[in-house]
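Structural characterization, general
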Amino acid sequence: MNKAEFLNELKKQISEYPTEETQKSMEYYAEMIDDRVEDGMTEAEAVASLGTVDSIANQIKCELPITTLVKQRAKEQSKGKKMPVWAIILLILGFPLWGGIVAFILGMVIMFYSLIWAMDAVLWSVVLTFGAGALTGIIGFFVSLFRLSLGSAVFYLGSGMLCGGLGIFIFIGTLLITKGIVLGTKQCFLWIKQAIVGKEN
């Protein structure tokens, strides 16, 4: 498959999505092929090294905003279908019930997610507290030395070192937790997008 055939096939698979979004992807892959040809590959080798058109199209769809995917999926499912009048009436009359259930589930998800970030914020405040304790210990050590109070200097130095050590330990753990939350959030959004797009290869 050459560059023109690859781009043409890719365009067919992603043409139902907004032109601006798909155009960026087309330009990106065209440039990638050109770069590989400049590096010494043949056009066919450069195209083959990218992977299958199906997998690339699926990846592009997964990278689109969720709102775009939902709108497109709704369009696809409602194409050529008209909802019966009785179904519309039932939806309207049942809104207090199903609307309340949806709002409750959404509220629970938001509350759970907010709770996770609140716990993370608490951990970061603990890190800052220990950092402030370490700084206070260092300042207290030098002030005590200046006043020639050896007992106080040792106390402040010990306290500062203890706070600093605990602060570093908690900082590393908190950093890992924060990265885990961010990664988990990205994975959730990716899973939702893949569920909307569906498996195509």
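Residues numbered from 1 in each chain as written. Predicted model: local features only at pLDDT ≥ 70, side-chain atom pairs only at ≥ 80, totals over all residues. Heavy atoms only, no water.

Before going further, it helps to spend a moment on the overall build of the chain. Scanning the chain from N- to C-terminus turns up eight helices and zero strands. Moving toward the C terminus, one meets the helices and strands of the chain in the order α-α-α-α-α-α-α-α. Summarising the internal contacts of the chain: among those between residues at least 6 apart in sequence, 73% fall at separations of at least 24. Accessible surface, the chain: about 14300 Å² in total, of which carbon and sulfur atoms supply 71%. (Helix = DSSP H or I, 4+ residues; strand = E, 2+ residues; numbered from the N terminus. Contact = heavy atoms within 4.5 Å. Areas by Shrake-Rupley, 256 points an atom, 1.4 Å probe, with all protein chains shown as cover.)

Right, let's get into unusual backbone geometry. Of note in this structure, Leu-148 is not a glycine but carries a positive phi near 60°. Along the chain, Leu-148 falls in the loop between helix 7 (95-146) and helix 8 (150-197). Residue classification places Leu-148 among the exposed residues on the basis of a relative accessible area of 76%. (Buried < 20%, exposed > 50% of the residue type's maximum accessible area, 1.4 Å probe, protein only.)

Let's shift gears to the nonpolar core. Counting residues in hydrophobic clusters, the biggest one holds 16 residues, and the most contacted among them are Phe-6, Leu-10, Tyr-29, Leu-50 and Ile-56. Counting residues per element, the ones that place at least two in this core are helix 1 (3-14), helix 2 (19-38), helix 3 (43-50) and helix 4 (53-63). For this core, the element with the highest residue contribution is helix 2, accounting for five residues. With residues up to four places along the chain from it excluded, the contact list for Leu-10 reads Met-26, Tyr-29, Val-53, Ile-56, Ala-57 and Ile-60. (Core = buried A, V, L, I, M, F, W, Y, C linked by side-chain atoms within 4.5 Å.)

For the structure on display, the rule yields six aromatic pairs. With centroids separated by 5.6 Å and ring planes inclined at 70°, the aromatic side chains of Trp-124 and Phe-171 adopt a geometry described as edge-to-face. Here Trp-124 is found in helix 7, whereas its partner Phe-171 is found in helix 8, with 47 residues between them in sequence. Looking at Trp-124, the relative accessible area reads 25%, which means it is partly exposed. Between Phe-141 and Phe-142, the ring centres sit 5.2 Å apart and the planes meet at 70°, which makes this aromatic pair edge-to-face. (Phe/Tyr/Trp six-rings, centres within 6.5 Å; stacked < 30°, edge-to-face > 60°.)

A cluster of nonpolar side chains, Leu-97, Ile-101, Phe-104, Ile-105, Met-108, Val-109 and Met-111, forms an exposed patch at the surface whose accessible area comes to about 730 Å². With respect to the helices and strands, the residue Val-109 is situated in helix 7. (Patch = residues over 30% accessible without salt bridge, like charges linked within 9 Å, V, L, I, M, F, W, Y side chains within 5 Å. Salt bridge = Lys/Arg side-chain N within 4 Å of Asp/Glu carboxyl O.)

Confidence along the chain averages 81 in pLDDT terms, with 80% of residues attaining 70 or more. Taking the mean pLDDT of every element in the chain, the minimum, 59, falls on helix 5 (residues 66-78) and the maximum, 90, on helix 7. (pLDDT = per-residue confidence, 0-100.)

Among the secondary structure elements, Gln-23 is positioned in helix 2. Classification of Gln-23 by relative accessible area gives partly exposed; the value is 38%. Note: C-alpha distance between Gln-23 and Lys-11 (twelve residues apart in sequence) is 8.7 Å.

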